[in-house]
Amino acid sequence: MRALVVSQLAGGLSGVDLAELPDPERKVGEVLVRIHAASLNFPDLLMTQGKYQFKPEVPFVSGMELSGEVLEAEPNSGFTPGDHVIGGNKTGAFAEMASIPDRGLSKLPKGLSFVEGAAMGAAYTTAYTGLIELCGLQKGQWVLVHGASGGVGLAAVDLAKAMGAKVIAASGVETKLARIDALYRPDANILAEGRFREQVKEITGGALCDIVFDPVGGDIFDESTRCVAFGGKLVVVGFTSGRIAEVATNIPLIKGFSIVGLRAGEYARRFPERGKTISQAISKLAEAGRITPAIDRILPLSGWREGFEAMANRQLVGKVIFETNK
Ligand SMILES: NC(=O)c1ccc[n+]([C@@H]2O[C@H](COP(=O)([O-])OP(=O)(O)OC[C@H]3O[C@@H](n4cnc5c(N)ncnc54)[C@H](OP(=O)(O)O)[C@@H]3O)[C@@H](O)[C@H]2O)c1
């Protein structure tokens, strides 16, 4: 089979290329999947450079998220050949086939294409776990979403709107704001730069935000500590800015807010029943047409470099999908 292999951890993408590999065999406890579509996530980019918290040994097949069709499964796995599935593992998705632990898969929500299914899982699971499971998002609350053009950011905007929250979408790139507006109609958008607390204060009528969802970190996190309402929550999602922020603990004390660490994948592994509930809730919303993933571009696997570079250069509004059988 054809697969995108990381053979050395290098700066840029010099250690990554397509290769022909033997077809995988199904392992015990796993499901063999013919992959139709796979989506690019920021950790895929970090893993090519050994900069993600999970550091697979080289060589490895890149890609953490896929959709496809079951080829082989154990009788008690809950899957049968021909089932359409979404999910993945930390690696292996940018290939024509993969053997995936059955707990990492769920059924493709009805009505979604393979492309939409591949775009949905990780981003919406992250957004759902952060906003709803950990922060108890309520209708009418103010939510500020940073990195709102990204896969996770857009999912958070879409989900928060679907839940009836009032959403401020924040991007560091001004030209992306109109595209985010056109996709999900947030209640306001801001350029996340400088003292954006002033804009947040004005938009919320002085109330500030009940939840701030931050995949960016660095200066954005620092300024966000001034945008959370008393009793609110600031969710640490990631560090796309490249800097892990540090906070003086008197700020959350004086301002009366909580800092919430989010690890959506680990949450589902540690609390499998909660993970299942989250996945079912997302499927239900998708099947009812209340949430729809935003896709920036669909590429054949041979176009992998364009996708990785667009993500690294911050050019995307939505997900990159690789059709792995093209
Ligand atoms: N905690 C969890 O459980 C969990 C799960 C999945 C992903 N994540 C993390 O969430 C983050 C986003 O992942 P993703 O797949 O959504 O990535 P993505 O699609 O590339 O989106 C990331 C967004 O961050 C902003 N950004 C990118 N580079 C930046 C830079 N140098 N400086 C400032 N902002 C920058 C951009 O938004 P703007 O241009 O609009 O500002 C970009 O659209 C990553 O850090 C990832 O590791 C966390």
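Counting of residues starts from 1 at the beginning of each chain's written sequence and follows it residue by residue. Where local features are concerned, this predicted model is filtered to residues with pLDDT of at least 70; where side-chain atom pairs are given and counted, the filter is 80 or more; whole-chain, interface and lining totals use all residues. Only hydrogens and water are removed before side-chain values are computed, so all heavy atoms of the structure are retained for them.

Some points on the overall build of the chain
Phase 1: When its secondary structure is counted, the chain shows ten helices and 16 strands.
Phase 2: Taking 20 Å as the expected radius of gyration for a compact globule of 326 residues, we find that the chain reaches 19 Å, a close match to that expectation.
Phase 3: Each residue is assigned to one of three classes by its accessible area relative to the maximum for its type, calculated with a 1.4 Å probe on protein chains only: buried under 20%, partly exposed between the two thresholds, exposed over 50%. In the chain, which comprises 326 residues, the proportion classed as buried is 51%.
Phase 4: Sequence-distant contacts, at least 24 apart, represent 67% of the contacts inside the chain between residues at least 6 apart.
Phase 5: Residue-level accessible areas treat just the shown protein chains as cover; the underlying method is Shrake-Rupley with a 1.4 Å probe. Accessible area for the chain stands at about 14500 Å²; split by element, carbon and sulfur atoms hold 51% of it. Think of it this way: any DSSP run of H or I at least four residues long counts as a helix, any run of E at least two long counts as a strand, and we number them from the N terminus. To get the radius of gyration, use the C-alpha atoms; to get the globule rule, take the number of residues to the power 0.38 and multiply by 2.2 Å. Pairs of residues are marked as contacts when any of their non-hydrogen atoms sit within 4.5 Å.

Some remarks on the environment of Ala-148
Phase 1: Tracing the backbone shows Ala-148 in the loop between strand E9 (142–145) and helix H3 (151–162).
Phase 2: When the C-alpha atoms of Ala-148 and Tyr-124 are compared, they prove to be 13 Å apart, with 24 residues separating the residues in sequence.
Phase 3: Once residues lying within four places of it in the same chain are set aside, the contact partners of Ala-148 are Gly-153, Leu-154, Val-157, Ala-169, Ala-170 and Ile-180.

Let's talk about the packing of aromatic side chains
Phase 1: Centres within 6.5 Å are what make two rings of Phe, Tyr or Trp a pair, Trp counting through its six-membered ring; a difference in plane orientation under 30 degrees is then read as stacked, over 60 as edge-to-face, and the rest as tilted. In this structure the tally under the stated criterion is five aromatic pairs.
Phase 2: Ring plane angle 85 degrees and centroid distance 5.1 Å describe the contact between Phe-94 and Phe-322, whose orientation is recorded as edge-to-face. Note that Phe-94 is positioned in the loop between strand E6 (84–87) and strand E7 (97–101) and Phe-322 in strand E16 (residues 319–323), a separation of 228 residues in sequence. A single burial state applies to Phe-94 and to Phe-322, both of which are buried.
Phase 3: An angle of 80 degrees between the planes, with centres 5.8 Å apart, marks the rings of Trp-304 and Phe-308 as edge-to-face. Of this pair, Trp-304 and Phe-308 both sit in helix H10 (residues 304–312), four residues apart, which is roughly one turn of that helix. Note on accessibility: Trp-304 and Phe-308 belong to one class, buried.

So, the environment of Val-115
Phase 1: Counting through the fold element by element, Val-115 comes out in helix H2 (residues 114–134).
Phase 2: A C-alpha to C-alpha distance of 31 Å links Val-115 and Trp-142, two positions 27 residues apart in sequence.

Regarding the pattern of salt bridges
Phase 1: Salt bridges are counted wherever a side-chain nitrogen of Lys or Arg sits within 4 Å of a carboxyl oxygen of Asp or Glu. A full pass over the atoms with the stated rule returns 17 salt bridges.
Phase 2: Close ionic contact of Lys-276 with Glu-273 constitutes a salt bridge, the shortest N to O distance being 4.0 Å. Of this pair, Lys-276 and Glu-273 both sit in helix H9 (residues 272–287), three residues apart, which is roughly one turn of the helix.
Phase 3: The structure contains a network of salt bridges with shared partners spanning Arg-179, Asp-296, Arg-297 and Glu-306.

So, the site of the ligand
Phase 1: For this purpose, a residue is taken to be near a molecule or strand whenever a single non-hydrogen atom of the residue falls within 4 Å of it. Surrounding the ligand, one finds 26 residues, the nearest of these being Ser-149, Ser-171, Lys-176, Leu-262 and Ala-264.
Phase 2: Within the contact set of the ligand, an oxygen atom lies 2.8 Å away from a backbone nitrogen or oxygen of Ala-264.
Phase 3: Notes on the ligand: free accessible area 910 Å², of which the protein chains cover 86%.
Phase 4: Taken together, the elements giving at least two residues each to the shell around the ligand come down to helix H1 (42–47) and H3.
Phase 5: Three categories are distinguished: nonpolar for Ala, Val, Leu, Ile, Met, Phe, Trp, Tyr, Cys and Pro, charged for Asp, Glu, Lys and Arg, and polar for the others, with Gly belonging to the last. Class assignment for the residues of the shell around the ligand results in twelve nonpolar, eleven polar and three charged.
Phase 6: Domain boundaries shown here were taken from an automatic or database domain assignment. Counting contributing residues, the shell around the ligand receives three or more from each of domain 1 (2–108 + 294–323) and domain 2 (123–265). Polar contacts, as counted here, are pairs of nitrogen or oxygen atoms within 3.5 Å of one another; within protein the pair requires one atom able to donate a hydrogen and one able to accept it, and residues that are adjacent in sequence qualify only if both atoms are side-chain atoms.

Overview of the domain arrangement of the chain
Phase 1: Per the domain assignment, the segments making up the chain are domain 1 (2–108 + 294–323) and domain 2 (123–265).
Phase 2: Each of domain 1 and domain 2 has a C-alpha centre, and the two are 28 Å apart.
Phase 3: Computed with a 1.4 Å rolling probe, the buried area is the accessible surface lost when two parts are put together, summed over both parts. When domain 1 packs against domain 2, the two sides together hide about 920 Å² of surface, and 57% of this comes from carbon and sulfur.
Phase 4: Of all residues in domain 1, Ala-294, Arg-314 and Val-317 give up the largest surface area on contact with domain 2, accounting jointly for 54% of the area buried on that side.
Phase 5: Seen at the junction of domain 1 and domain 2, the total is one salt bridge.
Phase 6: Arg-179 is the salt-bridge partner of Asp-296, the closest N and O atoms lying 3.3 Å from each other.
Phase 7: Between domain 1 and domain 2 we count six residue pairs in polar contact (both at pLDDT 80 or more) in total.
Phase 8: Tallied by class, the residues present in the side of domain 1 that touches domain 2 amount to four nonpolar, three polar and three charged.

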